[in-house]
Amino acid sequence: MGLCFTLMVVNQYKQKALNIMKVSEKAYSLIRQFEGLRLTAYRCPAGVWTVGYGHTSGVVPGMTITKEQAEAFLRQDIKAAENVVNTECQNLRQCQFDALVSFVFNIGGGNFRKSTLLKKIRVNPDDNSIMDEFLRWVYAKGVVLPGLQKRRLAEMKLYFSEE
């Protein structure tokens, strides 16, 4: 039992003590489905340069990546969204956490922190009016996007599922 094993046990203990959650494969699948994979940079409907599965940090016109890089960016971006949800929300079920990470992945941590959705979750994560809050986030540049409507319905359905 070397130092690596000891550190692994300590890290697992810290995660449980701090109630740090990680997404399940359901969240990865949901994000992949709605983001789609594009290996060449493009402007998303909001006008932001994007590549891979919705990755925006450091993306420039003409940028190309491999599928492996897209997967690495996805893991990195999901970790950032997990951190936001773990920081802002407590006592979530896995399905709620997965849905919120997908939501934050898409709208960003800053928007999530200012949202009525978060305010309602903090009061009561099982409040049915949260459904309406998901459905408010379907606009890009003031226009309702059918893809965002479908995504929010899927996130809402996952959030209120029984796991």
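Look up: the structure comes first, before these words.
Each value, and the rule that gives it
Along each chain, residue indices are assigned from 1 in the same order as the chain's sequence is written. With pLDDT at 70 or above as the cut-off, local features in this predicted model cover only qualifying residues; side-chain atom pairs require 80 or more to be listed or tallied, and sums for whole chains, interfaces and linings still use all residues. Note that water and hydrogens are dropped before the side-chain values are worked out from all heavy atoms of the structure. Among buried residues, those of type Ala, Val, Leu, Ile, Met, Phe, Trp, Tyr and Cys that are joined through side-chain atoms within 4.5 Å constitute a nonpolar core. Classification of residues uses two cut-offs on accessible area relative to the type maximum, computed with a 1.4 Å probe and protein chains only: under 20% is buried, over 50% is exposed, and between them is partly exposed. Each helix corresponds to a stretch of at least 4 residues labelled H or I by DSSP, and each strand to a stretch of at least 2 residues labelled E; elements are numbered beginning at the N terminus. Pairs of residues are marked as contacts when any of their non-hydrogen atoms sit within 4.5 Å. Fitted lines through C-alpha atoms give the axes, limited to the stretch in contact for helices. The angle between two N-to-C directions lies from 0 to 180 degrees. Working definition: roughly parallel below 35 degrees, roughly antiparallel above 145 degrees, roughly perpendicular at 65 to 115 degrees, and oblique for all remaining angles. In protein, a polar contact means a hydrogen-donor-capable atom and an acceptor-capable atom, both N or O and within 3.5 Å, with residues adjacent in sequence counting only if both atoms are side-chain atoms; elsewhere, any N or O pair within 3.5 Å suffices. For this analysis, a salt bridge means a side-chain nitrogen from Lys or Arg found within 4 Å of a carboxyl oxygen belonging to Asp or Glu. In this scheme the crossing of two helices becomes right-handed for a clockwise turn of the near helix relative to the far one and left-handed for an anticlockwise turn of less than a right angle. Think of it as three bins: nonpolar holds Ala, Val, Leu, Ile, Met, Phe, Trp, Tyr, Cys and Pro, charged holds Asp, Glu, Lys and Arg, and polar takes everything else, Gly as well.

### Some details on the nonpolar core
- Within the largest apolar cluster, 38 residues are counted, with the highest numbers of intra-cluster contacts made by Leu100 and Phe112.
- For this core, the elements supplying multiple residues, two or more each, are α2 (25-35), α3 (67-88), α4 (94-107), α6 (116-123), α7 (130-135) and α8 (146-159).
- The element contributing the most residues to this core is α4, with nine residues.
- Dropping the residues within four chain positions of it, Leu100 is found in contact with Val85, Cys89, Leu92, Phe112, Leu117, Ile121, Phe134 and Tyr159.

### Thoughts on the packing of α2 against α8
- At a closest axis distance of 10 Å, the pairing of α2 and α8 adopts a crossing angle of 170°. For the element pair α2 / α8, the angle class is roughly antiparallel. Contacts between α2 and α8 involve Lys26, Leu30, Ile31, Phe34 and Glu35 from the first element and Gly147, Lys150, Arg151, Ala154, Glu155 and Leu158 from the second.

### Quick word on the side chain of Ser115
- The topology assignment puts Ser115 in the loop between α5 (109-113) and α6.
- At a separation of 3.0 Å, a polar atom in the side chain of Ser115 contacts the main-chain amide nitrogen of Leu118.

### Some details on the pattern of salt bridges
- Here the structure, examined in full by the defined rule, presents 12 salt bridges.
- With its nearest N and O atoms 2.7 Å apart, the salt bridge here joins Arg151 to Glu35. On the criterion of sequence distance, the pair formed by Arg151 in helix α8 and Glu35 in helix α2 is long-range, its members being 116 residues apart. The two residues Arg151 and Glu35 agree in class, both being buried.

### What to know about the packing of α2 against α3
- Running from N to C, α2 and α3 point in directions that differ by 120°, and their axes come no closer than 12 Å. Here α2 is positioned oblique relative to α3, judged by the angle of their axes. You can see that α2 and α3 cross each other, and the crossing is right-handed. Here Tyr28, Ile31 and Arg32 of α2 come into contact with α3, specifically with Glu71, Leu74, Arg75 and Ile78.
- Considering only residue class, the contact of α2 with α3 consists of four nonpolar, no polar and three charged.

In short, geometric facts, not functional conclusions.
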